[in-house]
Amino acid sequence: MTTKQYTQDQLAAQAIGHWSGEAAKHVIGGLRAALAEEDLTQPHWWILNHAAGAPATWQRPALTDRLTRYADPGTDFEAVYDDLTARGWLVETHGALTLTVEGEAGRLRAHDRNAAVHTRMREGIDTAAYAATIDVLRRMVANLGGDGDLPT
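Please read all numbers here as calculations on a predicted model, not as lab measurements.

**A few points about the environment of Leu137**
1) Next: Tracing the sequence through the fold places Leu137 in helix H7 (residues 127–143).
2) Next: For the pair Leu137 and Ser20, spaced 117 residues apart in sequence, the C-alpha to C-alpha distance is 8.5 Å.

**Points about the pairing of strand E2 (residues 96–99)**
1) Next: Bridge analysis of strand E1 (residues 90–93) against E2 gives four bridges, and the strand direction is antiparallel. When the bridges of E2 are listed, Thr93 appears paired with Ala96.
2) Next: In this structure, the hairpin formed by E1 and E2 is closed by a connection of two residues, where His94 is found at a positive phi of approximately 55 degrees.

**Some points on helix H3 (residues 42–53)**
1) Next: Along its 12 residues, H3 runs 16 Å from first to last C-alpha, staying within 8% of the 16 Å computed at 1.5 Å per residue.
2) Next: For H3, the set of buried residues is Gln42, Pro43, His44, Trp45, Trp46, Ile47, Leu48 and Ala51.
3) Next: The inward-facing, buried residues of H3 abut helix H2 (16–36), helix H4 (60–67), helix H5 (77–87), E1, E2 and helix H6 (101–121).

**Re the nonpolar core**
Here is a general trend for soluble globular proteins: nonpolar side chains tend to be buried in one another's company.
1) Next: Ile47, Leu84 and Leu90 are the most contacted members of the largest nonpolar core, which totals 21 residues.
2) Next: Elements with a contribution of two residues or more to this core: H3, H4, H5 and E2.
3) Next: Looking at this core, the element that brings in the most residues is H3, giving five residues.
4) Next: Excluding its chain neighbours within four sequence positions, the residues that come into contact with Leu90 are Ile47, Ala51, Tyr81, Leu84, Thr85, Leu97, Thr98, Leu99 and Thr100.

**Topic: the packing of H2 against H6**
1) Next: Where H2 contacts H6, the two axes come as close as 9 Å, and the packing angle between them is 150 degrees. Viewed along their axes, H2 and H6 adopt a mutual orientation that is roughly antiparallel. Between H2 and H6 the crossing geometry is right-handed. The segment H2 lies against H6, with Val27, Gly30, Leu31, Ala34 and Leu35 engaging Ala110, Arg113, Asn114, Val117, His118 and Met121.
2) Next: For the contact of H2 with H6, a count of residues per class yields seven nonpolar, three polar and one charged.

**Side note on the pattern of salt bridges**
1) Next: Inspection of every chain in the model, using the stated rule, returns 14 salt bridges.
2) Next: When the shortest N-O distance is used, the salt bridge between Arg87 and Asp83 registers 2.9 Å. Of this pair, Arg87 and Asp83 both sit in helix H5, separated by four residues, roughly a single helical turn.
3) Next: The class of Arg87 is partly exposed, set by a relative accessible area of 25%.
4) Next: The salt bridge involving Arg107 is made with Glu104; its shortest N-O contact spans 2.8 Å. Linking Arg107 with Glu104, this pair stays in helix H6, spanning three residues, or about one helical turn.

**What about unusual backbone geometry?**
1) Next: Backbone geometry at Asp39 places phi at a positive 60 degrees, although glycine is not the residue there.
2) Next: When you line up the elements, Asp39 lands in the loop between H2 and H3.
3) Next: Phi is positive for Ala56, which is not a glycine, with a value near 60 degrees.
4) Next: As for its placement among the helices and strands, Ala56 is situated in the loop between H3 and H4.
5) Next: Exposure remark for Ala56: the relative accessible area of 48% places this residue in the partly exposed category.

**Comments concerning the confidence of the model for the protein chain**
1) Next: Considering every residue of the protein chain, the mean pLDDT works out to 95; 99% of them sit at 70 or more.
2) Next: Summarising per-element confidence for the protein chain, the mean pLDDT is lowest in helix H1 (residues 8–12) (92) and highest in H5 (98).

Each value, and the rule that gives it
- Residues numbered from 1 in each chain as written.
- Predicted model: local features only at pLDDT ≥ 70, side-chain atom pairs only at ≥ 80, totals over all residues.
- Heavy atoms only, no water.
- Helix = DSSP H or I, 4+ residues; strand = E, 2+ residues; numbered from the N terminus.
- Pairing = 2+ DSSP bridges.
- Expected span 1.5 Å × (residues − 1).
- Buried < 20%, exposed > 50% of the residue type's maximum accessible area, 1.4 Å probe, protein only.
- Contact = heavy atoms within 4.5 Å.
- Core = buried A, V, L, I, M, F, W, Y, C linked by side-chain atoms within 4.5 Å.
- Axes fitted to C-alpha atoms, helices over the stretch in contact; angles between N-to-C directions.
- Parallel < 35°, antiparallel > 145°, perpendicular 65-115°, else oblique.
- Left-handed = near helix turned anticlockwise from the far one by under 90°.
- Nonpolar A, V, L, I, M, F, W, Y, C, P; charged D, E, K, R; others polar.
- Salt bridge = Lys/Arg side-chain N within 4 Å of Asp/Glu carboxyl O.
- pLDDT = per-residue confidence, 0-100.

Structure below.
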């Protein structure tokens, strides 16, 4: 998709709150729509990725603590763990979470759907411009008292 070109002065006069809000709405909406095709939510996705990245390491309380800052208020993580377990995608051994073969297959399908959203989002945006955008946004967050460090 091509968008109209504007001068630097025109762009600099724009309200960052408007454009950052619009970007968040469309990026999050696109990712949530892609995940919904697998009957998943973002918390499902986060749990699947953490369990895949560190099999038999995460337990529910620690993973919930780590993910809560990214979740919508009122997210019921216990229901998400229970759903993934009921699907046969996640097992708990002595409280430690591990993906099943089915869970890894579902995670990979969701990954492909998310990757397609990211590809669309970054059309016409080179890596340097994308990185500069992230850096500007994280600095704005820090300047206003938030955590400007990259998530771990």
